[in-house]
Amino acid sequence: MPGKEKMVIVGGSPLEGEVHVSGGKNTSVAVIPATLLCDEPCTIENLPDIDDVRALVDILRSLGAVVDYEPGEFMKVDPRPANGYQVGYRDAQRLRASYYLIGALLGRQGRAEVAFPGGCKIGQRPIDQHLKGFNALGAETDERGGTIIAEAEELNGSDVFFDMVTVGGTINVMLAACKAMGTTVLHNAAKEPHIVDLANFLNSMGANVRGAGTDLIRIKGTPYLHGSTYAVIPDQIETGTLMIAAAATHGDVVITGCIPTHMEALSAKLLEMGVRVTDSDDAIRVRISSAHRAVNVKTQVYPGFPTDLQQPMSALLTTAHGTSIIQETIFESRFKHMDELIRMGAQIRVVDRTAIIEGVPQLLGAPVTATDLRAGAALLVAGLMAKGETEIYEPEYIDRGYEHIEKKLRALGASIRRESIES
Ligand code: EPU
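Asker: Pulling in residues and values, what's your account of the environment of Val277?
Answerer: Structurally, the position occupied by Val277 is in strand S16 (residues 276-279). A residue is classified by how much of its surface remains accessible, and Val277, at 13% relative accessible area, is buried. Expressed as a C-alpha distance, the spacing of Val277 and Arg80, which sit 197 residues apart in the sequence, is 47 Å. In this structure Val277 touches Met243, Ser267, Leu270, Leu271, Ile284 and Arg285, once residues within four positions along its chain are discounted.

Next comes the structure, spelled out in structure tokens:
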């Protein structure tokens, strides 16, 4: 269904000032389902007020949990009354991370029926590795009528060898393994910061997860997890998007409340382009005084260049001096935004999973459509750097992952507003 609003940006002015990063989307969407593993109430802080978080509140409530959610403050979850194990199509389709309910419900009560997840259409996104992990722990899994059914009399710790590095697979199996009997060892595990954050949250409830952040994670199952109060880490991708937007508009922005060590792959690329990046313990300053140079980017699992920043980065590269080559190695359809950038005057050729970008002096505002969350972020960056007015249709995609983004950009001097399409 087409959205009812559009985002309107008048580009061309440099972003300047200070902006605070919100809590991480991809960590929040793992930590919230993980509260179902707890045997007492727990409280999560620093959650971003975004659509994915609101969808999970509805899902937890539908399962019977008592959720007290004060956006921007805290989410208190009492999972004790939750006895549901089904997540239907309408709820599951609201976000990709609804599949974490399978691991969490399996761990909690040995049974889950969760419809196939929604989320950004950036490739096929199979979940065979998640199911393989559940099977290794002793669960039976089946797929019927668009629903994944997972059941286990008892979960038993086991070795799980992932065929590829998968963030979702690592998280999902970690969730189930927390309540399994004995020890589970995840081999070829993903190392993203939110995997470490989830492990820290689980350990704060008394779980025994060791090695998160390396490719070998050991989880000793624990029958009882106690309540905890936990603040999720800042959003690595929002931080990166703001860094790119600062560079793209030739601005001078200090991004506060972030973790600079999570940003090293992007910082290194920006430095290579001639952008000035300086950081302190929890802030990064990005500024640029002269034209920026083209660079090549290849997406990789952490600590490589994140696929989630490939799209915003490609917007920045449209006006870099020279030819940039982007290789997308994680998802097969993450170039849908390129046609929209071309509409704004970019010179881009896509061959399979490679995009060749010839820098042009300037982008020009145009009507464009977001096709997924980070495509929307790319168009946001492009709109900020373009001359004239850009209208972004389907801005709801951006709302899935960026908290109060217009307010934050306006405070940095951007001209950005939302309009009803009917008006
Ligand atoms: N894969 C399989 N089988 C599986 C699992 C993954 O073949 O069972 C493949 C995927 O098709 C893909 C690759 O392995 O080619 C990596 O997928 P991964 O499982 O790591 O990604 P994901 O869990 O589906 C999460 C984030 C994405 C982020 C990727 C990579 C969430 C909810 N989603 O997706 O975030 O791009 O990891 O870092 O955490 C976003 O925030 O915009 C976003 C798409």
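Moving on from the coordinates now.
Asker: Let's hear about the side chain of Lys179: which residues, and what values?
Answerer: On the secondary structure map, Lys179 appears in the loop between helix H6 (167-177) and strand S11 (183-187). Side-chain polar atoms of Lys179 contact the side chain of Asp39, separated by 3.1 Å. Not counting residues within four places of it along the chain, the set of residues in contact with Lys179 comprises Leu37, Asp39, Gly107, Thr222, Pro223 and Leu225.

Asker: Outline the domain arrangement of the protein, listing residues and values.
Answerer: What the domain assignment reports for the protein is domain 1 (5-22 + 234-420) and domain 2 (25-231). Centre-to-centre, using C-alpha coordinates, domain 1 lies 30 Å away from domain 2. Listed as interface residues are 23 residues of domain 1 and, on the opposing side, 21 residues of domain 2. Each partner contributes to the roughly 1,800 Å² buried at the junction of domain 1 and domain 2, and carbon and sulfur atoms together form 54% of this total. Considering only the surface of domain 1 that becomes buried against domain 2, Tyr302, Arg400 and Glu403 emerge as the three largest contributors, covering 34% of it. Applying the counting criterion to the domain 1 and domain 2 interface returns 1 salt bridge. A salt bridge links Arg400 to Asp52, with the nearest nitrogen and oxygen atoms 3.1 Å apart. Counting every contact that joins domain 1 to domain 2 gives 5 residue pairs in polar contact (both at pLDDT 80 or more).

Asker: Please provide a residue-by-residue account of the site of the ligand, values included.
Answerer: Near the ligand there are 24 residues, and of these Gln129, Thr166, Asp308, Ile330 and Arg374 occur at the shortest range. In this structure, Lys25 approaches the ligand through a side-chain N or O atom, which is 3.3 Å from an oxygen atom. A distance of 3.1 Å separates an oxygen atom of the ligand from a polar side-chain atom of Arg125. Starting from 830 Å² of accessible surface for the ligand in isolation, the protein chains cover 90%. Using a 2 Å cut-off from the grid points, one finds that the ligand occupies the largest pocket. Within the residue set of the shell around the ligand, elements represented by two or more residues are helix H1 (25-34), helix H5 (128-136), H6, helix H10 (307-317) and helix H12 (373-385). Top element by residues in the shell around the ligand is H5. It accounts for 3 residues. Its residues placed into classes, the shell around the ligand shows 11 nonpolar, 6 polar and 7 charged. Both domains that meet at the shell around the ligand, namely domain 1 (5-22 + 234-420) and domain 2 (25-231), each give it at least three residues.

What counts and what doesn't
In this numbering scheme, every chain counts its residues from 1 along its sequence in written order. Since the coordinates come from a predicted model, pLDDT governs what is reported: local features require at least 70, and pairs of side-chain atoms require 80 or more to be given and counted, while whole-chain, interface and lining totals use all residues. For the side-chain quantities, the full set of heavy atoms in the structure was used; hydrogens and water were omitted. Per the convention used, a helix needs a DSSP run of H or I reaching at least four residues, while a strand needs a run of E reaching at least two, with both numbered from the N terminus. Classification of residues uses two cut-offs on accessible area relative to the type maximum, computed with a 1.4 Å probe and protein chains only: under 20% is buried, over 50% is exposed, and between them is partly exposed. We call two residues contacting when some pair of their heavy atoms lies within 4.5 Å. Pairs of N or O atoms within 3.5 Å make up the polar contacts considered here, provided that, within protein, one atom can donate a hydrogen while the other can accept it, and that residues adjacent in sequence are counted only when both atoms are side-chain atoms. For the purposes of this description, domain bounds are those given by an automatic or database domain assignment. Using a 1.4 Å probe, buried area is obtained as the accessible area two parts lose upon being combined, added over both of them. A pairing counts as a salt bridge when a side-chain nitrogen of Lys or Arg comes within 4 Å of a carboxyl oxygen of Asp or Glu. If a single non-hydrogen atom of a residue is within 4 Å of a molecule or strand, that residue counts as near it. Using a 1.4 Å probe, the Shrake-Rupley method yields the accessible areas, and only the shown protein chains count as cover for residues. For each structure, a 1 Å grid was placed over the protein atoms alone; sets of points admitting a 1.4 Å probe that cannot get out are labelled cavities, open sets with protein on both sides within 12 Å along at least five of seven lines are labelled pockets, and lining residues have an atom within 4 Å of a point. For a molecule to be placed in a cavity or pocket, more than half of its atoms must lie within 2 Å of the grid points of that cavity or pocket. Nonpolar residues are Ala, Val, Leu, Ile, Met, Phe, Trp, Tyr, Cys and Pro. Charged residues are Asp, Glu, Lys and Arg, and all others, Gly as well, are polar.

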